[in-house]
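# Per-entry structural report
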Amino acid sequence: KRDLIGVIPDMDGHLNSNKKLLHNNNLDKILEVSGIELLLRPHPQTYNSKSHNIFYKSLNDKYKNLSLSRESRIDEFLSNLSLILTDTNSTVIEQSILCGIPVVFFEEKNEKLDDNIKFFSSDLINTCRNTNEVISTISKIMKMNDHEISSLKDNFFKSLNISFNENITIDDFLNKLKNFN
């Protein structure tokens, strides 16, 4: 069963703001979805931050189905995930898309996600404005089988005239998005 969700928080995700993905109220609601496990990957620039580490450890202690990843390579982190949940505009979004991993982007205001990626929003790239939308989208994706996920990926790449077997860099991918508009 597809049940491991990678979480990429904003670098300031440890701040106690209810607009952040990692705020306890948001996490409480998201973790109520049965059968999911969250694998949190802090931004590498925060690994040596005492306040970040204290915050991440407190989350790890509070939630039995949330664990911390210290994978140094993003491809290793992505290799076992069902989807990515994030509230930051990071190259991890593009890397996930290139790997065919659905992305759920938590964005209360229309300000962070790259416009070229928003243009191609589909079931592979989901922008959610509130926690309820996040939960609904996660539930929908988690019910999909591998063939359905693969079809999402294939359809997305076909819309960009990209062969999925094509060796493509993130820069090439973003250029194809920009040139498509």
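Relevant structure appears above.
Every value quoted in this text rests on a predicted model; they were computed, and no experiment measured them.

### Let's talk about the overall build of the protein chain
- Across its full length, the protein chain carries eight helices and six strands.
- Written out in order from the N terminus, the α and β elements of the protein chain read β-α-β-α-β-α-β-α-β-α-β-α-α-α.
- In the protein chain, which comprises 181 residues, the proportion classed as buried is 49%.
- If you take every contact in the protein chain between residues at least 6 apart in sequence, the share linking residues at least 24 apart comes to 59%.

### Concerning the packing of aromatic side chains
- Tallied over the full model, the rule gives one aromatic pair.
- Positioned above the aromatic ring of Phe77 is the side chain of Arg41, whose terminal nitrogen or guanidinium carbon lies 5.8 Å from the ring centre.

### Some words on the sheet that holds strand β3 (residues 66–68)
- Across the sheet, which stays open at both edges, the six strands sit in the order β3-β2-β1-β4-β5-β6 with parallel pairing between neighbours. In the strand order of this sheet, the two ends are held by β3 and β6 (125–128), each with one partner. The mean inter-strand angle of the sheet, taken between neighbouring strand axes irrespective of direction, is 25°.
- Of the pairings in the sheet, the one linking strand β5 (residues 103–106) to β6 comprises four bridges and is parallel in character. Bridging across to β6, Val103 finds its partner in Ile125.
- Lying over the sheet, helix α2 (residues 50–62) contacts β2 (37–40) and β3, oriented at roughly 145° with respect to β3.
- Along the sheet face, helix α6 (residues 131–142) touches β1 (4–8), β4 (83–86), β5 and β6 and points at about 155° away from the line of β6.

### Concerning the pattern of salt bridges
- Evaluation of the coordinates by the stated rule reveals four salt bridges.
- A salt bridge links Asp28 to Lys62; the shortest N-O distance between them is 3.8 Å. Taken together, the residues span a long stretch of sequence, with Asp28 in helix α1 (residues 24–31) and Lys62 in helix α2 at a distance of 34 residues.
- Taking relative accessible area as the criterion, Asp28 reaches 29% and is therefore assigned partly exposed.
- Using a relative accessible area of 47% as the deciding quantity, one classes Lys62 as partly exposed.

What counts and what doesn't
Residues numbered from 1 in each chain as written. Predicted model: local features only at pLDDT ≥ 70, side-chain atom pairs only at ≥ 80, totals over all residues. Heavy atoms only, no water. Helix = DSSP H or I, 4+ residues; strand = E, 2+ residues; numbered from the N terminus. Buried < 20%, exposed > 50% of the residue type's maximum accessible area, 1.4 Å probe, protein only. Contact = heavy atoms within 4.5 Å. Phe/Tyr/Trp six-rings, centres within 6.5 Å; stacked < 30°, edge-to-face > 60°. Lys NZ or Arg CZ within 6 Å of the ring centre and 35° of its normal. Pairing = 2+ DSSP bridges. Axes fitted to C-alpha atoms, helices over the stretch in contact; angles between N-to-C directions. Salt bridge = Lys/Arg side-chain N within 4 Å of Asp/Glu carboxyl O.

All quantities given are derived from atomic positions and should not be read as evidence of function.
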